[in-house]
Amino acid sequence: MPPPVYYTNCNSAAAPDGIPVPLFLPNFDLQHLNTLGVPVKAQFYVSVTSEEELLEALRYARNEKLPLFILGGGSNIVLCDDLPGLVVHIRLQGKTLVAEDNEFVWLRVAAGENWHELVEYCLDFHYWGLENLSLIPGSVGAAPIQNIGAYGVELKDVFEELTAIDIRSGLPVTFTRDSCEFGYRDSIFKGRLRDQYLITAVTFKLHKQPHLVLSYPALREALAAHADDAITPRQVSQVICEIRRNKLPDPAQIPNVGSFFKNPVIPATQYESLRANHPQLVAYPVDDQQVKLAAAWLIDNAGWRGQVCGPVAVHGQQALVLTNPGHAKGHEVVALAEKIQLSVFEKYGVALEPEPRFYP
Ligand SMILES: Cc1cc2nc3c(=O)[nH]c(=O)nc-3n(C[C@H](O)[C@H](O)[C@H](O)COP(=O)(O)OP(=O)(O)OC[C@H]3O[C@@H](n4cnc5c(N)ncnc54)[C@H](O)[C@@H]3O)c2cc1C
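Residues numbered from 1 in each chain as written. Predicted model: local features only at pLDDT ≥ 70, side-chain atom pairs only at ≥ 80, totals over all residues. Heavy atoms only, no water.

K.L.:
Describe in detail the sheet that holds strand β6 (residues 95-100), supporting the description with residues and values.
P.N.:
Spatial ordering of the open sheet is given by β6-β7-β12-β10-β11, a layout of five strands whose pairing is antiparallel. Here the strands that pair on one side only, and so sit at the sheet edges, are β6 and β11 (172-176). Shown here is a sheet whose adjacent strand axes are inclined to one another by a mean of 20 degrees, direction ignored. The pairing of β6 with strand β7 (residues 104-110) spans five bridges and is antiparallel. (Pairing = 2+ DSSP bridges. Helix = DSSP H or I, 4+ residues; strand = E, 2+ residues; numbered from the N terminus. Axes fitted to C-alpha atoms, helices over the stretch in contact; angles between N-to-C directions.)

Next comes the structure, spelled out in structure tokens:
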């Protein structure tokens, strides 16, 4: 184990040469920093609130040859065991209006800002486009990782660019929308460049005039009493918050990571033969060739909704959500997920892919 460098106070501490450095805490409990409430420890933990602290943390990890884990709000990870190396908790703050024209504003937001607080901020300042993404937990810096999406809108629809630090070299890099290779709950940072870049800020391109997306059926239904031109973005946000609060368990009360599986996308031909045997199958067309199945329907109809497996459970209202009321270990959550995957595959021949990322 490398010798840790300690200074007495995290953010006001200074090294002998006057450069502020973060505090590296050994054997740090992460139970309250992951929304699944899994009790694991980090070999070392550091919370960074400035780019200087961040660079210092990267230098430390590099010098001591510690693997790095980047932590945001901890709402899309399953920690299966104690984390070796250094956990860097991104707490960079700040919002800057970098440009505007008649139609748009470009807002640069630091990675450690809370996502829903950003949505609220934009509603207050009449920067439109984020309202459908209301109440998604987590940080701004993690949002591009899986191209967060909800109620007919994805991050990529409002994304201009991001800045990141190449973890190996410590050098800054800019990623445009194309270079992020966004897909359904996916980006280059989940694939080819997994765990290689640390996102420090995201720039959003937001509308100055309301630009409502009301296509999602539950949203349309909830707003059915209103004429389209009388609906405001604030109303859309409020309705979505209400739907989400009714549908999804609050991780502060019942630990969870939201949807545990992605909705599987299958060839239209496979969908047709499945539908012949299961006429109630819930699905949405992707294009002429592909269909997206509702993973919740598959799990529910395989008999899993409301099932309790020791300390872990499948949520009673939403079969896509695995909950951890008993503070299970990560591997117990994974074991239940694997049982569900197997049973859905046996019944429907469809593979479910987990949405959160498993560590270490
Ligand atoms: C109740 C609930 C509801 C949810 N609903 C939705 C939803 O509707 N739509 C949706 O898309 N998601 C949803 N999620 C999932 C989750 O909120 C999002 O994926 C969110 O963006 C994760 O942010 P985070 O800061 O918590 O990331 P974390 O869980 O901390 O990290 C997730 C991944 O991103 C990496 N990472 C984090 N920050 C950075 C950074 N600055 N630079 C580089 N890598 C980084 C981590 O290393 C990890 O691999 C939900 C989760 C919960 C608990």
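K.L.:
Let's hear about the pairing of strand β3 (residues 68-71): which residues, and what values?
P.N.:
Residues of β3 alternate between two faces, with Phe69 and Leu71 buried on one and Leu68 and Ile70 left unburied on the opposite face. The sheet contact formed by β3 and strand β5 (residues 83-90) spans four bridges and is parallel. For Ile70, the partnering residue across the bridge sits in β5 and is Val88. (Buried < 20%, exposed > 50% of the residue type's maximum accessible area, 1.4 Å probe, protein only.)

K.L.:
Give me unusual backbone geometry: which residues, what numbers.
P.N.:
Note that the residue after Tyr359, namely Pro360, is joined by a cis bond; omega there is -10 degrees. Position of Pro360 relative to the elements: it lies in the segment after β20 (357-359). The phi torsion at Tyr151 lies on the positive side, around 50 degrees, for a residue other than glycine. Tyr151 sits in the buried class, given a relative accessible area of 5%. Even without a glycine there, the phi angle at His327 is positive, about 50 degrees. Tracing the chain through its elements places His327 in the loop between β19 (321-323) and α8 (330-348). Look at His327 and you get partly exposed, because its relative accessible area is 43%.

K.L.:
Report on the site of the ligand, specifying residues and quantitative values.
P.N.:
As a matter of local geometry, the ligand sits amid 36 residues, with Ile70, Gly73, Ser75, Ser139 and Tyr359 nearest to it. In this structure, an oxygen atom belonging to the ligand sits 2.6 Å away from a main-chain N or O atom of Ile70. Here an oxygen atom of the ligand sits 2.7 Å away from a polar atom, N or O, in the side chain of Ser139. Relative to its free-state accessible area of 990 Å², the ligand is covered by the protein chains to the extent of 96%. Put simply, the parts of the chain that give the shell around the ligand at least two residues each are β3, β8 (149-150), β12 (197-207), β13 (256-259) and β20. Its residues assigned to classes, the shell around the ligand shows 19 nonpolar, 13 polar and four charged. (Near = heavy atom within 4 Å. Polar contact = N/O pair within 3.5 Å; in protein donor to acceptor, adjacent residues only side chain to side chain. Areas by Shrake-Rupley, 256 points an atom, 1.4 Å probe, with all protein chains shown as cover. Nonpolar A, V, L, I, M, F, W, Y, C, P; charged D, E, K, R; others polar.)

K.L.:
With reference to specific residues and values, describe the side chain of Asp166.
P.N.:
Mapped onto the fold, Asp166 is located in strand β10 (residues 159-166). Buried and unpaired, Asp166 has no salt bridge, with Arg168 as the nearest side chain of opposite charge at 4.5 Å. Excluding residues that lie within four positions of it along the chain, Asp166 makes contacts with Leu171, Val173, Gln196 and Tyr197. (Lys, Arg positive; Asp, Glu negative; His and termini not counted. Salt bridge = Lys/Arg side-chain N within 4 Å of Asp/Glu carboxyl O. Contact = heavy atoms within 4.5 Å.)

K.L.:
So what's going on with the domain arrangement of the chain? Residues and values would help.
P.N.:
For the chain, the assigned domains are domain 1 (25-90), domain 2 (95-247) and domain 3 (256-359). Using C-alpha coordinates to define each centre, domain 2 is positioned 25 Å away from domain 3. Opposite the ten residues of domain 2 that make contact, domain 3 presents ten residues. Between domain 2 and domain 3, the buried area comes to about 920 Å², and carbon and sulfur atoms account for 39% of it. Among the residues of domain 2 in contact with domain 3, Tyr184, Arg194 and Lys247 are the three that bury the most area, contributing 54% of the side total. Counting the contacts that link domain 2 with domain 3 gives two salt bridges. The closest approach of N and O atoms between Asp195 and Arg357, which form a salt bridge, is 3.4 Å. Counting the contacts that link domain 2 with domain 3 gives six residue pairs in polar contact (both at pLDDT 80 or more). Classifying every residue of the side of domain 2 that touches domain 3 by side-chain character gives three nonpolar, one polar and six charged. (Domains from an automatic or database assignment. Buried area = accessible area lost by both parts, 1.4 Å probe.)

K.L.:
Talk me through the packing of aromatic side chains; I want residue IDs and the actual numbers.
P.N.:
Inspection of every chain in the model, using the stated rule, returns 15 aromatic pairs. Each ring, one from Phe28 and one from Tyr45, has its centre 3.9 Å from the other, and the planes form 10 degrees; the classification is stacked. Linking Phe28 in strand β1 (residues 25-29) with Tyr45 in strand β2 (residues 41-48), this pair joins segments that are 17 residues apart in sequence. Relative accessible area serves as the criterion here: at 23%, Phe28 is assigned to the partly exposed category. Taken together, Phe24, Phe44 and Tyr60 form an aromatic cluster joined through their ring pairs. One Lys or Arg, Lys205, reaches over the ring of Phe104 and ends 4.3 Å from the middle of that ring. Over the face of the ring belonging to Tyr184 we find Lys292, whose NZ or CZ atom lies 3.8 Å from the ring centre. (Phe/Tyr/Trp six-rings, centres within 6.5 Å; stacked < 30°, edge-to-face > 60°. Lys NZ or Arg CZ within 6 Å of the ring centre and 35° of its normal.)

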